[in-house]
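Close look at the chain arrangement
Chain by chain, the residues:
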Amino acid sequence: MPSPVNSPISQKKTWASTRRYNQVKDAFLSHPDIVSASASHSKVGWGGLPETLKSDRFPEGVRARYVAVDEDYRKTYEIPLVTGRDLDGTREADKRAAFILNETAAQLHGWTPESALGQRVAWPDKKREGTVVGVVADFHNRTLIEPIGPVVLAMWQNKWNVLSLRFRPTDLRGLIDDLETLWARFLPTRPFRYEFLDDSLSDMYR
């Protein structure tokens, strides 16, 4: 779990705001108490969508959960990078065809973290294929009760609907008020809704 000093807020977004995502993210990052921000299609702990990940080694595929994220997801949630690199929002190819596997996903395909780099993989259900650019340490993206399974991170922006913020809680009430003001600047017709990660995880267990 993140430390109390840098606890993320998960900010619910709407599909309409995806088109203005960089503006919203940059505005939030301009606040002195925001440490990092990242968009994804689901909250941490609630898992990803199960799909079949295929490779030349396993053409029949391995069931894995994909999580649509932006380039700052790993940094925001402090997921260790074992080898390779992060996703890069400035590379058009990364937006369409770059994948990061967790250690379990690489192992199930018969790769070490190092040998996974550069491998071609495909999500036939999503009609996407591309190259493994990085491998991250295994992390719990579902409950602690469940064993860690294969996970794939990919930059599929049309799936983003959660914006997570890591912040310094020096003035929590003031921070939330400031974020609400910034939100209203870009989406005045949409209500500002937020929740804390620890509350979200507690709700899931309940």
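Residues numbered from 1 in each chain as written. Predicted model: local features only at pLDDT ≥ 70, side-chain atom pairs only at ≥ 80, totals over all residues. Heavy atoms only, no water.

1. Description of the overall build of the protein chain
- Tallying secondary structure elements over the protein chain gives eight helices and eleven strands in all.
- Of all 206 residues assigned to the protein chain, the portion counted as buried reaches 50%.
- In the protein chain, of all internal contacts separated by at least 6 residues, the share reaching a separation of at least 24 is 76%.
- With an accessible surface of roughly 10,100 Å², the protein chain has 50% of that area assigned to carbon and sulfur atoms. (Helix = DSSP H or I, 4+ residues; strand = E, 2+ residues; numbered from the N terminus. Buried < 20%, exposed > 50% of the residue type's maximum accessible area, 1.4 Å probe, protein only. Contact = heavy atoms within 4.5 Å. Areas by Shrake-Rupley, 256 points an atom, 1.4 Å probe, with all protein chains shown as cover.)

2. Description of the nonpolar core
- One finds F28, L101, W123, L163 and L179 to be the most contacted residues of the largest nonpolar core, which totals 37 residues.
- It is helix α7 (residues 172-186) that provides the largest number of residues to this core, a total of six residues.
- Those residues in contact with W123 that sit more than four places away from it in its chain are E51, T52, L53, A64, R65, Y66, F99, R128, V152 and W156.
- Core analysis: the next-biggest nonpolar cluster, separate from the first, contains 18 residues, V67, A98, F139 and L197 among them. (Core = buried A, V, L, I, M, F, W, Y, C linked by side-chain atoms within 4.5 Å.)

3. Comments concerning the pairing of strand β6 (residues 98-102)
- Burial runs high along β6: five of the five residues are buried.
- What you see with β6 is no split at all: A98, I100 and N102 on one side and F99 and L101 on the other are buried throughout.
- In terms of strand pairing, β6 meets strand β8 (residues 128-136) through five bridges, oriented parallel. Bridge pairing in β8 links N102 to V136. (Pairing = 2+ DSSP bridges.)

4. Focus on unusual backbone geometry
- Backbone geometry at E78 places phi at a positive 55°, although glycine is not the residue there.
- Mapping E78 onto the fold places it in the loop between α3 (73-76) and β5 (81-84).
- Among the residues examined, E78 registers a relative accessible area of 51% and is labelled exposed.

5. Section: the packing of aromatic side chains
- Enumeration according to the criterion identifies six aromatic pairs in this entry.
- Relative to F196, the ring of Y194 lies with its centre 5.8 Å away and its plane at 85°, an arrangement referred to as edge-to-face.
- Relative accessible area serves as the criterion here: at 19%, F196 is assigned to the buried category.
- Taken together, F167, W183, F192, Y194 and F196 form an aromatic cluster joined through their ring pairs. (Phe/Tyr/Trp six-rings, centres within 6.5 Å; stacked < 30°, edge-to-face > 60°.)

6. What about the packing of helix α2 (residues 21-29) against α7?
- Contact geometry for α2 and α7: axes closest at 10 Å, N-to-C directions at 155°. The pairing of α2 with α7 is recorded here as roughly antiparallel in orientation. Between α2 and α7 lies a crossing of right-handed hand. Two secondary-structure elements touch here, α2 through Q23, V24, A27 and F28 and α7 through L179, L182, W183 and F186. (Axes fitted to C-alpha atoms, helices over the stretch in contact; angles between N-to-C directions. Parallel < 35°, antiparallel > 145°, perpendicular 65-115°, else oblique. Left-handed = near helix turned anticlockwise from the far one by under 90°.)

7. Examining the confidence of the model for the protein chain
- When pLDDT is averaged across the protein chain, the result is 85; 88% of the residues are at 70 or more.
- The least confident element of the protein chain is helix α1 (residues 15-18), whose mean pLDDT is 50; the most confident is β5, at 98.
- Low confidence marks residues 1-5, where pLDDT is under 50. Its contacts with residues over four positions away, or in another chain, come to ten contacts. (pLDDT = per-residue confidence, 0-100.)

8. Some details on α2
- Regarding α2, the residues found buried are Y21, V24, K25, A27 and F28. For α2, the angular spread of buried residues about the axis comes to 160°, placing them on one side. (Arc of directions from axis to C-beta.)

9. Re helix α8 (residues 197-205)
- Along α8, the residues classified as buried are L197, S200, L201 and M204. Taken end-on, α8 shows its buried residues confined to a sector of 95°, consistent with a single buried face.

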